[in-house]
Amino acid sequence: MKPLKTSAAVALTLALTSLAPASGAAPPVIQPAPQVKVLSTLTAKNVAGVPGEKKDFEATLTVKDKGTPLAGRQVSFLVTGKGGSSIPTPTGVYLVGRTLTDASGKATIPLKLPDWPQGSYAIKAVFGGDDATVASNDEATLAVFKVVTTIELGDLIWGTYKNEPGAPYGTVGVSLMRTSDGTGMTKPLTITVNGHTWQLPSSVYHQVPLPTDATTWTVKVQYAGDTSSLASSAERTYTKPK
């Protein structure tokens, strides 16, 4: 084999040197392969109830087409109008809340149903996604029905205000309650005492003075009902103590 000429040897040496990393230079950075996100499926549950009733809003997050639970993911629940029903808020949207899915992929938030009109509303469950999982959402139905109400007529209270001097008189306590949670309601009431009828002002509790020119009083209280609660009435007769 013939030896390379000097000029050819120098050129080959330079070419090989250019391929080698410079002394002290950092090694080339190898970019990791992009992570493939998992597709998810969120399934919300229908809810039905009456104002004042405590209900669970639920949705389950799983791997799409596999059903494997996805735990520790944040799910948000909102309620909006549907089919002519609207949420009585400035935005028309009610945020139920946010929570994390458990080991079974289920997200659950309890809510005491607000005093909304009877109707059908949309529950929107939303998972915003994360570094490993693609976002997903679902819609379910919230059916709100009118709550049953009851009027409570208390026993006759006989005496004077704070036992001050003067002739005693009778008063009766009146309250309108919803049966779902026993909460007093500030709704318009009509009262009739011995044939005389008037409207009671809006209040959770009324203490009604009875006419002093009678010894027996027939008291009847009526609630006409509204878009979220059913009508009710109560009647009771009281007798002046001897």
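Residues numbered from 1 in each chain as written. Predicted model: local features only at pLDDT ≥ 70, side-chain atom pairs only at ≥ 80, totals over all residues. Heavy atoms only, no water.

Time to look at the sheet that holds strand 4 (residues 74–81). On the basis of which strands lie adjacent, the open sheet formed by 5 strands has the order 2-8-7-4-5 and mixed pairing. Each edge of the open sheet carries a strand with a single partner, namely strand 2 (47–49) and strand 5 (93–100). Strand-to-strand twist across the sheet, computed as the mean angle between neighbouring axes with direction ignored, equals 20 degrees. In the sheet, strand 7 (residues 119–127) pairs with strand 8 (residues 136–144) via 9 bridges, with the strands oriented antiparallel. Bridging across to strand 8, Ile123 finds its partner in Ala140. (Pairing = 2+ DSSP bridges. Helix = DSSP H or I, 4+ residues; strand = E, 2+ residues; numbered from the N terminus. Axes fitted to C-alpha atoms, helices over the stretch in contact; angles between N-to-C directions.)

Looking at the secondary structure, you find Thr149 in strand 9 (residues 149–153). On the accessibility criterion, Thr149 (8% relative accessible area) is buried. Among the polar contacts made by the side chain of Thr149, one reaches the main-chain carbonyl oxygen of Leu230 at a distance of 2.7 Å. Polar contacts involving the side chain of Thr149 include one to the side chain of Ser232, which spans 2.8 Å. Here Thr149 is in contact with Leu176, Met177, Arg178, Thr179, Met185, Tyr223, Ser229, Leu230, Ala231 and Ser232, once residues within four sequence places are set aside. (Buried < 20%, exposed > 50% of the residue type's maximum accessible area, 1.4 Å probe, protein only. Polar contact = N/O pair within 3.5 Å; in protein donor to acceptor, adjacent residues only side chain to side chain. Contact = heavy atoms within 4.5 Å.)

Time to look at the environment of Pro188. Mapping Pro188 onto the fold places it in the loop between strand 11 (169–178) and strand 12 (189–193). For the pair Pro188 and Asp226, spaced 38 residues apart in sequence, the C-alpha separation works out to 9.9 Å. The contacts of Pro188, once residues within four sequence positions are left out, are Gln222 and Tyr223.

So, on to a nonpolar patch on the surface. Together, Ile157, Val204 and Tyr205 make up a nonpolar patch on the protein surface, roughly 260 Å² of accessible area in all. Among the secondary structure elements, Val204 is positioned in the loop between strand 13 (196–200) and strand 14 (205–209). Here Val204 falls in the partly exposed class, since its relative accessible area comes to 41%. (Patch = residues over 30% accessible without salt bridge, like charges linked within 9 Å, V, L, I, M, F, W, Y side chains within 5 Å. Areas by Shrake-Rupley, 256 points an atom, 1.4 Å probe, with all protein chains shown as cover. Salt bridge = Lys/Arg side-chain N within 4 Å of Asp/Glu carboxyl O.)

With that settled, consider the side chain of Arg178. For Arg178, the location among the structural elements is in strand 11. Within the structure, Arg178 has its side chain in polar contact with the side chain of Asp181 (distance 2.9 Å).

What follows covers the sheet that holds strand 1 (residues 40–44). Pairing is antiparallel in the open sheet, where 3 strands are placed in the order 1-3-6. A single partner strand is all that each edge strand has here, and the edge strands are strand 1 and strand 6 (106–112). Averaged over all pairs of adjacent strands, the angle between their axes in this sheet comes to 20 degrees, without regard to strand direction. Summarising the sheet, strand 3 (residues 54–63) and strand 6 pair through 7 bridges and their orientation is antiparallel. Counterpart to Ala59 in the pairing with strand 6 is Ala107.

With that settled, the discussion passes to the pattern of salt bridges. One pass over the full model with this rule turns up 10 salt bridges. Here Asp181 ties to Lys112 by a salt bridge, and the two come within 3.4 Å at their closest N and O atoms. Of the two residues, Asp181 is situated in the loop between strand 11 and strand 12 and Lys112 in strand 6; the sequence distance between them amounts to 69 residues. With a closest N to O distance of 2.6 Å, Arg236 and Asp155 form a salt bridge. Of the two residues, Arg236 is situated in strand 16 (residues 232–239) and Asp155 in the loop between strand 9 and strand 10 (157–159); the sequence distance between them amounts to 81 residues. Here Arg236 falls in the partly exposed class, since its relative accessible area comes to 31%. Judged by its relative accessible area of 54%, Asp155 is exposed. Among the charged side chains, a network of salt bridges with common partners joins Lys45, Glu58 and Lys106.

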